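Commentary on secondary and tertiary structure
Listed below are the residues making up each chain.
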Amino acid sequence: MLAVFTDKLSSYLDEKEVAKIQRAYTYSEKCHSGQMRQSGDPYITHPLAVANILADMHMDHESLMAALLHDVIEDTGVTKGQISRRFGRTVADLVDGVSKLTEIEFETKAEQQAESFQKMTLAMSRDIRVVLVKLADRLHNMRTLGGLSPEKRRRVARETLDIYAPIAQRLGINDIRIEFEDLGFAAMYPLRHRRLREAMKAARKNRKEIVTEIHQAIELRLQHESFDAVVKGREKHLWSIYQKMRSKKKSFRDIMDVFAFRLVVENVDDCYRTLGMMHNIFKPVPGEFKDYIAIPKANGYQSLHTVLVGMHGVLIEVQIRTREMEKMANY
């Protein structure tokens, strides 16, 4: 795992920065020596996994050092001063910031949400990287909930759905938000999650032909216009389906009757030209067009959204964006 991590770092960081991260790993491994996770794995596997998540996001070397050291103040008796002398003040501040976020304890859910958002906002104003390390820490904890009691699993899942998923959404880190929501859903409501997942598998088989037909119609039109675009079928994730079923009081079939596609193009001009093509192939649904390119969402998200009436009368949700917008939306 360490070798794969080092290779990943070398793909975008220079040698000196990689060497500093390796030093932080060695120090963390020594500090956590003899400590085990509830799963039975050596404790060092957790900070290494957190650093790996941040490396996938191409975070800087100081963030990765902080990720490797994020539990040493809390769990090993090492002081902020010792980290500062060894790895510099910036890394020490990041580690201290993550430790302080971890210490938050609450009496009530309302107090928890208000206080957490205040603490997170304060951490963001000082250094956004504190929050990113904390999100990666929570993501690995959510991926490894198996060792906890059912009651603790539900508590951690609830906190993740109420606090961490919305923060990931506000920051525009869509991949992490979706994983938080699906892992949280599975831990909070295991039976509902399992039933919905099985219904999704069955629906996917029934929908295969119609999805292929729509996909081909879109691609043929783009080819006819000599247009370079990537067409992706986009599946709604389980938590989103569950929330829509509850809030709109709709059946699973009603939600799944909407087919979703994403078109990724080269530039902003191409986004609007592609939109025109889509409105030529399929009839747009009045009032369902949103232009988040001209007016981006608060978290920086940009895309064109439209809903169309496709063949057989099915509804098609289409998102159109550039590669840069796609990267921004996910990371």
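Residues numbered from 1 in each chain as written. Predicted model: local features only at pLDDT ≥ 70, side-chain atom pairs only at ≥ 80, totals over all residues. Heavy atoms only, no water.

**Topic: the overall build of the protein**
For clarity, the cut-off: In this text, helices come from DSSP runs of H or I with a minimum length of four residues, and strands from runs of E with a minimum of two, each type numbered from the N-terminal end. Working definition: with a 1.4 Å probe on protein chains only, accessible area under 20% of the residue-type maximum means buried, over 50% means exposed, and in between means partly exposed. Exposure was quantified through the Shrake-Rupley algorithm and a 1.4 Å probe, taking into account, for residues, occlusion by the shown protein chains and nothing else.
Secondary structure assignment for the protein yields 16 helices and six strands. In terms of its C-alpha atoms, the protein occupies a principal-axis envelope of roughly 65 × 45 × 35 Å. Expressed as a percentage of its 331 residues, the buried residues of the protein come to 45%. For the protein, the exposed area adds up to about 17400 Å²; of that, 49% sits on carbon and sulfur atoms.

**Remarks on unusual backbone geometry**
The backbone of Ser226 sits at a positive phi, close to 50°, despite the residue not being glycine. On the secondary structure map, Ser226 appears in the loop between helix H12 (190–224) and strand S1 (230–233). In this model, Lys249 sits at a positive phi of 50°, which is unusual for a non-glycine residue. Mapping Lys249 onto the fold places it in the loop between helix H13 (238–247) and helix H14 (252–256). Under the relative-accessibility criterion, Lys249 is labelled exposed at 73%.

**Re the nonpolar core**
Under the convention used in this document: Residues belong to a common nonpolar core when they are buried Ala, Val, Leu, Ile, Met, Phe, Trp, Tyr or Cys residues joined through side-chain atoms within 4.5 Å. Every residue pair with non-hydrogen atoms within 4.5 Å of one another is taken to be in contact.
Leu54, Leu69, Ile83 and Phe180 are the most contacted members of the largest nonpolar core, which totals 68 residues. Apart from the residues lying within four places of it in its own chain, the contact partners of Ile83 are Leu69, Val72, Ile73, Val78, Gly88, Val91, Ala92 and Val95.

**A look at the packing of helix H1 (residues 2–10) against helix H2 (residues 15–31)**
To describe two helices that pack against each other, one gives the angle between their axes and the distance between the axes. So the rule is basically this: Helix axes are fitted to C-alpha atoms over the stretch in contact, other axes to C-alpha atoms as well, and angles between N-to-C directions run from 0 to 180 degrees. Under this scheme an angle from 65 to 115 degrees is roughly perpendicular, one under 35 degrees roughly parallel, and one over 145 degrees roughly antiparallel; angles in between are oblique. Two helices cross in a left-handed way if the nearer one is turned anticlockwise from the farther one by less than a right angle. They cross in a right-handed way if the turn is clockwise. Nonpolar residues are Ala, Val, Leu, Ile, Met, Phe, Trp, Tyr, Cys and Pro. Charged residues are Asp, Glu, Lys and Arg, and all others, Gly as well, are polar.
Where H1 meets H2, the closest approach of the two axes is 10 Å, and the angle between their N-to-C directions is 150°. In terms of orientation, H1 lies roughly antiparallel with respect to H2. Helix-helix and strand crossings are classified by hand; for H1 and H2 the assignment is right-handed. Residue-level contacts link Leu2, Phe5, Thr6, Leu9 and Ser10 of H1 to Val18, Ile21, Gln22 and Tyr25 of H2. Counted by class, the contact of H1 with H2 contains six nonpolar, three polar and no charged residues.

**Thoughts on a positive patch on the surface**
Using the following cut-off: To count toward a patch, a residue needs a relative accessible area above 30% and no salt bridge. Like charges then connect within 9 Å, nonpolar side chains (Val, Leu, Ile, Met, Phe, Trp, Tyr) within 5 Å. One side-chain nitrogen of Lys or Arg within 4 Å of one carboxyl oxygen of Asp or Glu is enough to make a salt bridge. We count Lys and Arg on the positive side and Asp and Glu on the negative side, and we leave His and both chain ends out. To locate a charge, the coordinates of NZ of Lys, CZ of Arg, CG of Asp or CD of Glu are taken.
Residues Lys16, Lys20, Arg23, Lys30 and Arg86 make up a contiguous surface patch of positive charge. Sort the elements by how many residues they give to the positive patch and H2 lands first, with four residues. Tracing the backbone shows Lys16 in helix H2.

**Thoughts on the side chain of Arg37**
When you line up the elements, Arg37 lands in the loop between H2 and helix H3 (45–56). For the buried Arg37, which has no salt bridge, the nearest side chain bearing the opposite charge is Asp41, at an N-O separation of 6.0 Å.

**Considering the environment of Glu74**
Mapped onto the fold, Glu74 is located in helix H5 (residues 72–76). By relative accessible area, which is 40% here, Glu74 ends up partly exposed. Separated by 189 residues in the primary sequence, Glu74 and Leu263 have C-alpha atoms spaced 46 Å apart. What Glu74 contacts, discounting residues up to four positions off in sequence, is Ser99 and Thr102.

**With respect to the confidence of the model for the protein**
Rule in force here: The pLDDT value expresses, per residue, how confident the predictor is, ranging between 0 and 100.
Residues with a pLDDT of 70 or more make up 92% of the protein, whose mean pLDDT is 89. Predicted confidence in the protein is weakest over helix H8 (residues 109–126), with a mean pLDDT of 65, and strongest over helix H4 (residues 61–69), with 97.

**Looking at the environment of Arg253**
Looking at the element boundaries, Arg253 is found in helix H14. A relative accessible area of 63% means that Arg253 is categorised as exposed. Distance from Arg253 to Ile173, taken between C-alpha atoms, is 29 Å for residues 80 residues apart in sequence.

**Remarks on the packing of aromatic side chains**
What counts, and what does not: Note on ring pairs: Phe, Tyr and Trp rings are taken, using the six-membered ring of Trp, and paired if centres are within 6.5 Å. Classes follow the plane angle, with under 30 degrees stacked, over 60 edge-to-face and the rest tilted. Put simply, a charge is over a ring when the Lys NZ or the Arg CZ is close to the ring centre, within 6 Å, and near the line of the ring normal, within 35 degrees.
Under the defined criterion, the tally for this structure stands at eight aromatic pairs. Ring geometry for Tyr189 and Tyr242: centres 5.8 Å apart, planes at 50°, overall tilted. In this pair, Tyr189 is assigned in the loop between helix H11 (174–188) and H12 and Tyr242 in helix H13, connecting sequence segments 53 residues apart. A residue is classified by how much of its surface remains accessible, and Tyr242, at 8% relative accessible area, is buried. Grouped by ring-pair contacts, the aromatic residues Phe185, Tyr189, Trp239 and Tyr242 constitute a single cluster. Seen from the ring of Tyr189, Arg192 lies directly overhead, with NZ or CZ sitting 4.2 Å from the centre. Just above the ring of Tyr292 sits the side chain of Lys297; from NZ or CZ to the centre is 4.9 Å.

**Let's talk about the pattern of salt bridges**
Summed over the entire model, instances satisfying the criterion amount to 19 salt bridges. In this structure, Arg143 engages Glu179 in a salt bridge whose closest nitrogen and oxygen atoms are separated by 2.6 Å. Residue Arg143 is found in helix H9 (residues 128–143), and its partner Glu179 is found in helix H11; the two are separated by 36 residues along the sequence. Residue Glu179 is classed as partly exposed on the basis of its relative accessible area, which comes to 25%. The residue Arg177 makes a salt bridge to Glu181 at a minimum N-O spacing of 3.0 Å. With Arg177 and Glu181 both in helix H11 and four residues apart, this pair spans about one turn of that helix. An identical accessibility class is assigned to Arg177 and Glu181; each is buried.

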